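# Survey of secondary and tertiary structure
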Amino acid sequence: QVQLVQSGGGLVQAGGSLRLSCAASGRPFGSLAMGWFRQAPGKEREFVAASGGGTFYSDSMKGRATISRDDARSMVHLQMNSLEPEDTAVYYCAAVRFYTNDYYRPQDSSHYDYWGQGTQVTVSS
């Protein structure tokens with residue numbers, strides 16, 4: 001079992017920045033692929049960014065978000081800049097055992113086995 005505990009998030013004005021963090025435990029961190037997803041009210045959960053055999057970003061966050069891993073602390077961070085009201089959502093950290101690039105589907109939420117508790121990000125206009 002993998003436990004994911006998220007931190008960060010909150011309220012920020014449009015154009016501002018936020019950093020989300022996710023601490024993993026229960027399995028060697030290097031064996032995990034890590035992803036970030038978000039879900040806005042009335043919408044389906046959508047991919048934001050992922051790290052596993054490379055880094056991956058959604059088109060909407062490319063150039064505005066950076067995913068990074070701190071292997072020594074078993075943590076993954078999501079730095080988001082130039083935030084827009086449309087980025088308002090609950091953000092979730094997710095993890096799955098990483099085997100190969102051919103097997104890993106970073107943008108597919110159903111591919112991930114473990115999820116954090118979620119954290120609210122609200123961007124005011």
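Look up: the structure comes first, before these words.
Small disclaimer: the values here were computed from a predicted structure and weren't measured.

The helix and strand tally for the chain stands at zero helices and 11 strands. Taken from the N to the C terminus, the helices and strands of the chain come in the order β-β-β-β-β-β-β-β-β-β-β. Compactness check: the chain gives a C-alpha radius of gyration of 14 Å against a globular reference of 14 Å for 125 residues, within 12% of the reference. Principal axes of the C-alpha set define a box for the chain whose edges measure 40 × 25 × 25 Å. The proportion of buried residues among the 125 residues of the chain is 46%. Here the chain displays about 6300 Å² of accessible surface, and carbon together with sulfur accounts for 45% of that area. For the chain, the centre of its 11 positive side-chain charges and the centre of its 11 negative side-chain charges are spaced 5 Å apart.

The next subject is the sheet that holds strand β3 (residues 18–25). The sheet built from four strands is open, its strands ordered β1-β3-β8-β7 with antiparallel pairing. Either end of the sheet is taken by a strand with one partner, and the two such strands are β1 (3–8) and β7 (65–70). Pairwise comparison of adjacent strand axes, ignoring direction, gives a mean angle of 15° for this sheet. Pairing analysis gives six bridges linking β7 to strand β8 (residues 75–80), with the strands arranged antiparallel. Bridging from a neighbouring strand, Thr-66 pairs with Gln-79 of β8.

About the cut-offs
- Residues numbered from 1 in each chain as written.
- Predicted model: local features only at pLDDT ≥ 70, side-chain atom pairs only at ≥ 80, totals over all residues.
- Heavy atoms only, no water.
- Helix = DSSP H or I, 4+ residues; strand = E, 2+ residues; numbered from the N terminus.
- Rg over C-alpha atoms; globule rule 2.2 N^0.38 Å.
- Buried < 20%, exposed > 50% of the residue type's maximum accessible area, 1.4 Å probe, protein only.
- Areas by Shrake-Rupley, 256 points an atom, 1.4 Å probe, with all protein chains shown as cover.
- Lys, Arg positive; Asp, Glu negative; His and termini not counted.
- Charge placed at Lys NZ, Arg CZ, Asp CG, Glu CD.
- Pairing = 2+ DSSP bridges.
- Axes fitted to C-alpha atoms, helices over the stretch in contact; angles between N-to-C directions.

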